[in-house]
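Architecture at a glance
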Amino acid sequence: MSDVDRWRAVAAATGEKGEKGETDRAAAERGVRLAYRRAGLAEPERIIWAGSPLAGARAARSLGDAGRSVRDEVRTYPWAEERRRMHDALGPAGWADHWNATGARLWDTTRALAERIRTGIADALADRPAEAAGIRAVLLDAVLGQHDAAWLAAFDGRSERLEGLAEVARHAGWWWPYERAVVICERPVALYRDEAGRLDRGDGPALAYPDGFALYAWRGMPVPAEFLAGLPTLTPERIRTEANAELRRVMLEYYGYDRYLNESGARPVHRDETGVLWRIALEGDEDVAMVEVVNSTPEPDGTHRTYWLRVPPTVSTAKAGVAWTFGVEEEVYAPVRQT
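Residues numbered from 1 in each chain as written. Predicted model: local features only at pLDDT ≥ 70, side-chain atom pairs only at ≥ 80, totals over all residues. Heavy atoms only, no water.

When helices and strands are counted, the protein shows 13 helices and twelve strands. Counting only residues that meet the buried cut, the protein has 47% of its 339 residues in that class. Counting contacts in the protein only where the partners sit at least 6 residues apart, residues at least 24 apart contribute 60% of the total. Total accessible area on the protein stands at roughly 16800 Å², and carbon and sulfur atoms take up 49% of it. Charged side chains of the protein number 45 positive and 53 negative; the gap between the two group centres comes to 4 Å. (Helix = DSSP H or I, 4+ residues; strand = E, 2+ residues; numbered from the N terminus. Buried < 20%, exposed > 50% of the residue type's maximum accessible area, 1.4 Å probe, protein only. Contact = heavy atoms within 4.5 Å. Areas by Shrake-Rupley, 256 points an atom, 1.4 Å probe, with all protein chains shown as cover. Lys, Arg positive; Asp, Glu negative; His and termini not counted. Charge placed at Lys NZ, Arg CZ, Asp CG, Glu CD.)

See the structure below:
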């Protein structure tokens, strides 16, 4: 296994009981103390464990006698100085090649996951705006542990100064370093992603922590937990009445477009270079018209996503339906590139 693959495994490691990836608290705490010593700081007096980044942020916010944050001394400055050292040693082109062969291969997925966790924390506190504001500030003090795998991969075996940070990342999740105390989080207990690295699960949380904090997603799109719970009992009527276009797309993907059209009594009424116009007759109501279009821009996994656009029942061609979604007449709709 290459160094990059090892760090990819670190970023995706979970702490399920009995699994090899289970959080090793002793090793993580040794890494914390080493990181402090490498930064020229006294070791923290206390190390407090939390069950998720949300719980960790709350614990960090409630510390009353921990002193100031030392994130800059522990992580920011060492990283910047080591990067400058390697950049000077390798030269601009050499550093770019090295980064592209190491950290860049992990950067997009780890950054996206960290941002999704931050968003999930904000969503969990949406009904408590005062607490949410305080937590957002505390999140700026976090070291991302295993989710710092991208840049740690670039320095693997090349920097004694970063060994403490790397040791924590190999064994734990996010952590908050202060002068006299550290708050450190367990790894997640579950992580499900699709081929493109996006959070993805149809029958439960795509990311879950031991204290119950969890994120739900379908092919990268955040969805409510109760929404996923209702997918197995979907009906064409439920899909038709969903007001949220993105959630309706998830429903259609889960239910299956072919099945939906077949069970809805839909019929293709027109096709042209823009797509296919389908019509669903509804008793006591106006018809449902949808245009089936294929995105010309491929997804990260190389596939081309099919979209279904709800259009007025009065449209008679696929092009007229697509033009309506852009607010123009069919005669003037002529995209340079369809996306």
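Before going further, it helps to examine the pattern of salt bridges. All chains considered together, the criterion is met by 23 salt bridges. Taking the shortest distance from any N to any O, the salt bridge between Arg170 and Asp156 comes out at 3.8 Å. Taken together, the positions of Arg170 in helix α8 (residues 163–171) and Asp156 in the loop between α7 (149–155) and α8 put the pair 14 residues apart, joining distant regions of the chain. The exposure class of Arg170 is partly exposed, given its relative accessible area of 32%. Within the structure, one salt-bridge network assembled from shared partners comprises Arg58, Asp127, Arg128 and Glu131. (Salt bridge = Lys/Arg side-chain N within 4 Å of Asp/Glu carboxyl O.)

The next thing to look at is the pairing of strand β11 (residues 288–294). The buried fraction of β11 is high, at five of seven residues. Here strand β10 (residues 275–280) pairs with β11 via five bridges, running antiparallel. Counted as the bridge partner of Trp278 is Met290 from β11. Where β11 and strand β12 (residues 306–311) come together, six bridges link them in antiparallel fashion. Bridge pairing in β12 places Val294 opposite Thr306. (Pairing = 2+ DSSP bridges.)

Moving on to the packing of helix α1 (residues 3–12) against helix α5 (residues 104–124). A packed helix pair is summarised by two numbers, namely the angle formed by the two axes and the spacing between the axes. Where α1 meets α5, the axes come as close as 10 Å, and the angle between the chain directions of the two elements is 10°. Relative to α5, the element α1 is oriented roughly parallel. Where α1 abuts α5, its residues Val4, Trp7, Arg8 and Ala11 lie against Arg105, Leu106 and Thr110. For the contact of α1 with α5, the residue count by class is four nonpolar, one polar and two charged. (Axes fitted to C-alpha atoms, helices over the stretch in contact; angles between N-to-C directions. Parallel < 35°, antiparallel > 145°, perpendicular 65-115°, else oblique. Nonpolar A, V, L, I, M, F, W, Y, C, P; charged D, E, K, R; others polar.)

Across the sheet, four strands lie side by side as β9-β10-β11-β12; this open sheet has antiparallel pairing. In this open sheet, the two strands that pair with only one neighbour each are β9 (267–272) and β12. Within this sheet the neighbouring strands show an average axis-to-axis angle of 25°, counted without direction. Note: β9 against β10, five bridges, orientation antiparallel. Paired with Arg267 across the bridge in β10 is Arg279. Helix-sheet contacts for helix α13 (residues 318–325) involve β9, β10, β11 and β12, and the interaxial angle to β12 is about 80°.

Two elements in contact, helix α4 (residues 71–101) and α5, have axes separated by 5 Å at closest approach and are oriented at 55°. If you check the angle between α4 and α5, you find them oblique. Residues Trp99, Asn100 and Ala101 of α4 touch α5, and the partners they reach there are Ala104, Arg105 and Trp107.

Here we take up helix α11 (residues 245–255). The element α11 is extensively covered by neighbouring structure, given that eight of its eleven residues are classed as buried. For α11, the set of buried residues is Leu247, Arg248, Arg249, Val250, Met251, Leu252, Glu253 and Tyr255. By the N-cap criterion, in which a side-chain oxygen at the helix start approaches the backbone nitrogen of a residue two or three places on, α11 is capped by Asn244, the distance to Leu247 being 2.9 Å. (Polar contact = N/O pair within 3.5 Å; in protein donor to acceptor, adjacent residues only side chain to side chain.)

To continue, consider α4. Taking 1.5 Å as the rise per residue, α4 with 31 residues should run 45 Å; its terminal C-alpha atoms sit only 27 Å apart, a clear shortfall. Where α4 bends most, the angle comes to about 115°, and this point is Gly91, followed within four residues by the proline Pro92. Those residues of α4 that sit buried are Arg71, Val74, Arg75, Pro78, Glu82, Met86, Gly91, Trp95 and His98. In the core, the buried residues of α4 are packed alongside α2 (25–38), α7, α8 and β2 (175–177). (Expected span 1.5 Å × (residues − 1). Bend = angle between axes of the 7 residues up to and from the residue.)

A cluster of nonpolar side chains, namely Phe326, Val328 and Val332, defines an oily patch on the protein surface of about 290 Å² accessible area. Structurally, Val328 is set in the segment after α13. (Patch = residues over 30% accessible without salt bridge, like charges linked within 9 Å, V, L, I, M, F, W, Y side chains within 5 Å.)

The subject of this paragraph is the confidence of the model for the protein. Taken over all residues, the pLDDT of the protein has a mean of 89, while the share at 70 or more is 95%. The least confident element of the protein, judged by mean pLDDT, is helix α12 (residues 257–264) at 76; the most confident is β2 at 98. Segment residues 17–21 is flagged for pLDDT under 50; beyond a separation of four residues in sequence, or across chains, it makes four contacts in the model. (pLDDT = per-residue confidence, 0-100.)

What follows is about the sheet that holds strand β6 (residues 214–215). A sheet is described by the order of its strands in space; here three strands give the open sequence β4-β5-β6, paired in antiparallel fashion. Edge positions in the sheet fall to β4 (190–191) and β6, since each of these pairs with one other strand and no more. Sheet topology places β4 next to strand β5 (residues 207–208); two bridges connect them, and they run antiparallel. From the neighbouring strand, Ala190 faces β5, where its bridge partner is Ala208.

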